[in-house]
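# Coordinate analysis (summary)
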Amino acid sequence: LPCSRQACHHHGILVPADRVRMLSTPPSLANSASNGVWSEHRVLPRYRIVNQTKRCRGPPVIIFEAPLSGNLQKSDDPAVFNVATSAPLPAEWCAT
């Protein structure tokens, strides 16, 4: 597919479901203004928040560069706890 915004909107992109979480509250994480796709956090894998602007429909979503590991619910960091208690993607959002 050509690399264009229209192609992504029409065809979507494939991301492993174990690297994506739906955030139910406004994210306390933010995308960095640095070069590149990924933002950094001291505990979480590198990530990208999507669907977080006022123009977007649906909940904000966080995509991780690598799968989550460990017991994040024990963290006292609110951002980590938000991710640890977030919902997986609804099945109808996932390709089979």
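This text gives an overview of the structure that appears in the document. Not measured: the values here are computed from a predicted model.

### Some words on the overall build of the protein
- Regarding its fold elements, the protein presents 2 helices and 3 strands.
- Across the protein, helices and strands are ordered from the amino to the carboxyl terminus as α-β-β-β-α.
- Considering the protein as a whole, with its 96 residues, one finds that 25% of them fall into the buried category.
- Sequence-distant contacts, at least 24 apart, represent 51% of the contacts inside the protein between residues at least 6 apart.
- When the accessible surface of the protein is summed, it comes to about 7,000 Å², and 55% of that surface belongs to carbon and sulfur atoms.

### With respect to the pattern of salt bridges
- Inspection of every chain in the model, using the stated rule, returns 2 salt bridges.
- Between E40 and R46 there is a salt bridge; the shortest N-O distance is 3.6 Å.
- The exposure class assigned to E40 is exposed, which follows from its relative accessible area of 59%.
- By relative accessible area, which is 32% here, R46 ends up partly exposed.
- Put simply, E65 and R46 hold a salt bridge, and the shortest N to O gap is 2.7 Å. Placement of E65 in the loop between β3 (61–64) and α2 (78–84) and of R46 in the loop between β1 (20–22) and β2 (47–50) is noted, with a sequence separation of 19 residues between them.
- On the basis of relative accessible area, E65 is assigned to the partly exposed category, the value being 32%.

### Remarks on the sheet that holds β3
- Reading across the sheet, the 3 strands line up as β1-β3-β2 and stay open at both edges, with antiparallel pairing between neighbours. Among the strands making up the open sheet, the edge pair consists of β1 and β2. Recorded for the sheet is a direction-independent mean angle of 20° between the axes of neighbouring strands.
- When β1 meets β3, the two strands line up antiparallel, connected through 3 bridges. Paired with R21 across the strands is I62, a residue of β3.

### A short note on the nonpolar core
- Judged by nonpolar contacts, L23, L29, L44, Y47, I49, I62, F64, L72, A79, V80 and V83 together constitute the single largest core of 11 residues.
- Of all the secondary-structure elements, those providing two or more residues to this core are β2, β3 and α2.
- By residue number, the principal contributor to this core is α2, which donates 3 residues.
- Contact partners of L29, with chain neighbours within four places excluded, come to H41, L44, Y47, I49, I62, A79 and V83.
- Core analysis: the next-biggest nonpolar cluster, separate from the first, contains 5 residues, V20, M22, I63 and L89 among them.

Conventions we followed
By convention here, each chain's residues receive numbers from 1 onward along its written sequence. Restriction of local features to residues with pLDDT of at least 70 applies here, the model being predicted, together with a cutoff of 80 or more for giving and counting side-chain atom pairs; totals for whole chains, interfaces and linings are based on all residues. As a rule here, side-chain values come from all non-hydrogen atoms in the structure, and water together with hydrogens is ignored. Numbering of helices and strands runs from the N terminus, with a helix taken as a DSSP run of H or I at least four residues long and a strand as a DSSP run of E at least two residues long. Three exposure classes are used, based on accessible area relative to the maximum for each residue type with a 1.4 Å probe and protein chains only: buried under 20%, partly exposed in between, and exposed over 50%. The contact criterion used is simple: two residues touch if any of their non-hydrogen atoms lie within 4.5 Å. Accessible areas in this description were obtained via Shrake-Rupley with a 1.4 Å probe; residue shielding takes into account the shown protein chains only. One side-chain nitrogen of Lys or Arg within 4 Å of one carboxyl oxygen of Asp or Glu is enough to make a salt bridge. We treat two strands as partners when DSSP finds at least two bridges between them. To get an axis, a line is fitted to the C-alpha atoms, and for a helix only the part in contact is used. The angle between two axes follows their N-to-C directions and goes from 0 to 180 degrees. Residue types Ala, Val, Leu, Ile, Met, Phe, Trp, Tyr and Cys, when buried and joined through side-chain atoms within 4.5 Å, form a set referred to as a nonpolar core.

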